[in-house]
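# Architecture and fold: a report
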Amino acid sequence: MEIFGIPAQALYGQLALGLVNGAFYALLSLGLAIIFGLLNLINFAHGAQYMLGAYVAWMLLSYLGIGFWGALILAPLVVAMLGMALERGLLRHLRDVDQIYGLLLTFGVALILEGLVAQTYGWSGMPYPNPLPGSVDLGFMRMPMYRLAAIAISLVVCLAVWIAIERTKLGAYLRAASEDADMVQAFGVNIPRLIMLTYGFGVGLAGLAGVVAAPVYQVSPAMGSNLIIVVFAVVVIGGMGSIAGSVIAGFGLGLIEGLTKVFYPAASTTVIFFIMILILIFRPSGLFGSTR
Amino acid sequence: MTADTAMLSVRNLHAWYGESHVLHGVTLHVNRGEVVTLLGRNGAGKSTTMRAIMGLMKKRSGSITYEGREAITLPSHQIARMGIAYCPEHRGIFSRLDVQENLELPPVIGAYPLTLDRVQAMFPRLLERRHSPGTKLSGGEQQMLAIARILRTGARFLLLDEPTEGLAPIIVKHLGEIIGSLQSMGFTILLVEQNFRFASALADRHYVVEHGRVVDEIASGELAAGSARMRVYLGV
């Protein structure tokens, strides 16, 4: 069977790959959006924190024998705690200065983290065993079981985060503080603590994405910096600080990337940046962003 | 009652916006159960005084005691938790929260909060429009929401910054009734007002603020004599 002159199997295969990439874009841009919303910080360490999640999962397995499912809970917590220490120790002092300082600081932290990991484990990647070998027959195509699980984990986590932000009291604090943190603090809410927890949560999501990525890609020091530039483009397209926008743009752009690979492979690595340029020209606040 | 036994007492309060020195030693006190207004021209430092009391000015010095406890070094969430609630000049209604979420946002900080039912009975429009985004309400409704949400926190001391600003006369009148009833319910209120007539009908005392200082104090009883002075201060 062919669709637009393309074998259907190839089309479905690339779309599935696109969805897997999209699952990571969505998780990462969601964390960036939450952090940007409250801290007004462009967290350049996000890619390194994603890489750290994968390494923590690898270390848990290699040194403690804790497998993927345990790491899926533990590694994000470790990354979140490191993030909170970073917020407490360094980022907090940059609250009242231009956001470029926070961007530069987190960029520096990213380089240091990458360097430290490369120094210890080398630049070449290390494999992480697939916890769910085998494939599933979806009727129209066969799909590796684990890749399906990665998409499902990302979808469930994104949905849960969205519900937590839009439907709970803590989420209401977060939304309100993203608009006017001083006002919420004047009501008696401990905003410095909310900021620390929010940063921890955002980078914890990056750590989670890293764990989920470990069996798909190699665990390597540069895995984050390779991905994060694309993720920033996704965030710009979705709209800085927009929760739903980051998730929808993440999956959507993953799919578009996959489609491009089928129809015009040469453009597949740049298509997202073309879209970003168009968005910046015609809708600078992003597809789902509010002007602020 | 002297300043030492006042519920809120502010002494020699200075505050800065960045490098610019905006409060130059504000001294005032508010006794339990009083309604006190800060009057003065635009830019005199009335709103800044409130922001400084609430801990929203990054740099400040002097002394602010509430129920005998020093608050000048506390962050604003701890000041709020002493029992002070703040309703800012621009109302601070959140657009990403609906009316109900706005109403329920401030955490309960006092021992005897008004129940949600009671607050909604005082402001029935808020119940009717509970699912609208907060900023879709009319100006008057937003002001009611801003006051309603601090009543259900249990705070006993209210800082109201220009509640009448930009509202129609009928709503200003209604707001006056509400503030009057709050006083009879035992709330203590510090009010910033430009509307001298509105303030004079409600308040026990008035402070006149000029150039970041309190320059005069007028009791309600002296108002007839005071109003000539007021005209000079307010330039009306």
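Not measured: the values here are computed from a predicted model.

The rules behind each value
Residues numbered from 1 in each chain as written. Chains lettered and ligands numbered in written order. Predicted model: local features only at pLDDT ≥ 70, side-chain atom pairs only at ≥ 80, totals over all residues. Heavy atoms only, no water. Helix = DSSP H or I, 4+ residues; strand = E, 2+ residues; numbered from the N terminus. Rg over C-alpha atoms; globule rule 2.2 N^0.38 Å. Buried < 20%, exposed > 50% of the residue type's maximum accessible area, 1.4 Å probe, protein only. Pairing = 2+ DSSP bridges. Contact = heavy atoms within 4.5 Å. Buried area = accessible area lost by both parts, 1.4 Å probe. Salt bridge = Lys/Arg side-chain N within 4 Å of Asp/Glu carboxyl O. Polar contact = N/O pair within 3.5 Å; in protein donor to acceptor, adjacent residues only side chain to side chain. Nonpolar A, V, L, I, M, F, W, Y, C, P; charged D, E, K, R; others polar. Expected span 1.5 Å × (residues − 1). pLDDT = per-residue confidence, 0-100. Phe/Tyr/Trp six-rings, centres within 6.5 Å; stacked < 30°, edge-to-face > 60°. Lys NZ or Arg CZ within 6 Å of the ring centre and 35° of its normal. Axes fitted to C-alpha atoms, helices over the stretch in contact; angles between N-to-C directions.

### Overview of the overall build of chain A
From N to C terminus, chain A includes 10 helices and four strands. Scanning chain A from its N terminus toward the C terminus, one meets helices and strands in the order β-β-α-α-α-α-β-β-α-α-α-α-α-α. Computed over C-alpha atoms, the radius of gyration of chain A comes to 19 Å, within 12% of the 19 Å expected from 2.2 N^0.38 for 292 residues, which places it in the range of a compact globule. On the principal axes, the C-alpha backbone points of chain A span a range of 65 × 50 × 35 Å. Counting across all 292 residues of chain A, residues that qualify as buried make up 53%.

### Some words on the pairing of strand β2 (residues 20–30) of chain B
Residues and elements named next belong to chain B. In this sheet, β2 lies alongside strand β1 (residues 8–17) in antiparallel orientation, the contact comprising eight bridges. From the neighbouring strand, Val-10 faces β2, where its bridge partner is Leu-28. Counted along the chain from β1 to the antiparallel partner β2, the turn is two residues long, and its residue Gly-18 has a positive phi close to 60°.

### A word on the environment of Tyr-173 of chain A
Here Tyr-173 of chain A is to be found in helix α6 (residues 169–186). Looking at Tyr-173 of chain A, the relative accessible area reads 14%, which means it is buried. Put simply, Tyr-173 of chain A and Ile-191 of chain A are 18 residues apart on the chain and 9.2 Å apart in space, counted from C-alpha to C-alpha. Not counting residues within four places of it along the chain, the set of residues in contact with Tyr-173 of chain A comprises Val-184, Val-189 and Leu-194 of chain A together with Leu-105 and Pro-107 of chain B.

### Brief notes about the interface of chain A and chain B
Listed by partner, the interface residues are 22 residues for chain A and 25 residues for chain B. Of the roughly 1900 Å² buried where chain A meets chain B, counting both sides, 58% is carbon and sulfur surface. Seen at the junction of chain A and chain B, the total is two salt bridges. A salt bridge links Glu-101 of chain B to Arg-175 of chain A; the shortest N-O distance between them is 2.8 Å. The interface formed by chain A and chain B includes seven residue pairs in polar contact (both at pLDDT 80 or more). The set of elements that each furnish at least two residues to the side of chain A that touches chain B consists of α6 and α7 (191–213) of chain A. With 13 residues, α6 of chain A is the largest single contributor of residues to the side of chain A that touches chain B. The class makeup of the residues in the side of chain A that touches chain B is 11 nonpolar, four polar and seven charged.

### Overview of helix α1 (residues 8–39) of chain A
An α-helical turn contains 3.6 residues, so any two residues separated by three or four positions project in the same direction. Residues and elements named next belong to chain A. Compared with an ideal rise of 1.5 Å per residue, which puts 32 residues at 46 Å, α1 spans 45 Å between its outermost C-alpha atoms and is within 8% of the ideal. Of all 32 residues in α1, 24 are buried, a share of seventy percent or more. Just downstream of α1 lies Asn-40, where phi reads positive at about 55°.

### Some details on unusual backbone geometry
Residue and element names in this part refer to chain B. The phi dihedral of Arg-91 is positive, around 75°, even though this residue is not glycine. Even without glycine at this site, Glu-162 takes up a positive phi of about 45°. With respect to the helices and strands, the residue Glu-162 is situated in the loop between β7 (157–161) and α7 (169–184). Among the residues examined, Glu-162 registers a relative accessible area of 6% and is labelled buried.

### Observations regarding the confidence of the model for chain B
For chain B, the average pLDDT comes to 89, and 95% of its residues sit at 70 or higher. For this predicted complex, the interface confidence comes out at an ipTM of 0.90, alongside a pTM of 0.90.

### Brief notes about the packing of aromatic side chains
Per the stated rule, a full pass over the model turns up 11 aromatic pairs over all chains. Each ring, one from Trp-58 of chain A and one from Tyr-63 of chain A, has its centre 5.9 Å from the other, and the planes form 80°; the classification is edge-to-face. The exposure class of Trp-58 of chain A is buried, given its relative accessible area of 15%. Tyr-63 of chain A sits in the exposed class, given a relative accessible area of 53%. Chaining the aromatic ring pairs together yields one cluster made of Tyr-55, Trp-58, Tyr-63 and Tyr-121 of chain A. In this structure, Lys-59 of chain B packs its charged tip against the face of Trp-16 of chain B, placed 4.7 Å from the ring centre.

### Points about α7 of chain B
Here α7 of chain B contains 16 residues, and its C-alpha end-to-end distance of 23 Å stays within 8% of the 22 Å for a straight helix at 1.5 Å per residue. Summarising the contacts, the buried residues of α7 of chain B are in contact with α4 (116–122), α6 (139–151), β7, β8 (188–192) and α8 (196–202) of chain B.

### What to know about the sheet that holds strand β9 (residues 205–210) of chain B
All names here are of chain B. With mixed pairing, the six strands of this open sheet are ordered in space as β6-β7-β8-β3-β9-β10. Two strands bound the open sheet, and with one partner strand each, they are β6 (84–87) and β10 (213–219). Ignoring strand direction, the axes of neighbouring strands in this sheet form an average angle of 20°. Of the strand pairs in this sheet, β6 and β7 are connected by four bridges, and their pairing is parallel. Across the sheet, the residue bridging to Cys-87 is Leu-160, located in β7. Each of β3 (35–39), β6, β7, β8 and β9 is contacted by helix α1 (residues 46–53), which is oriented at about 140° to β8, the strand it contacts most.

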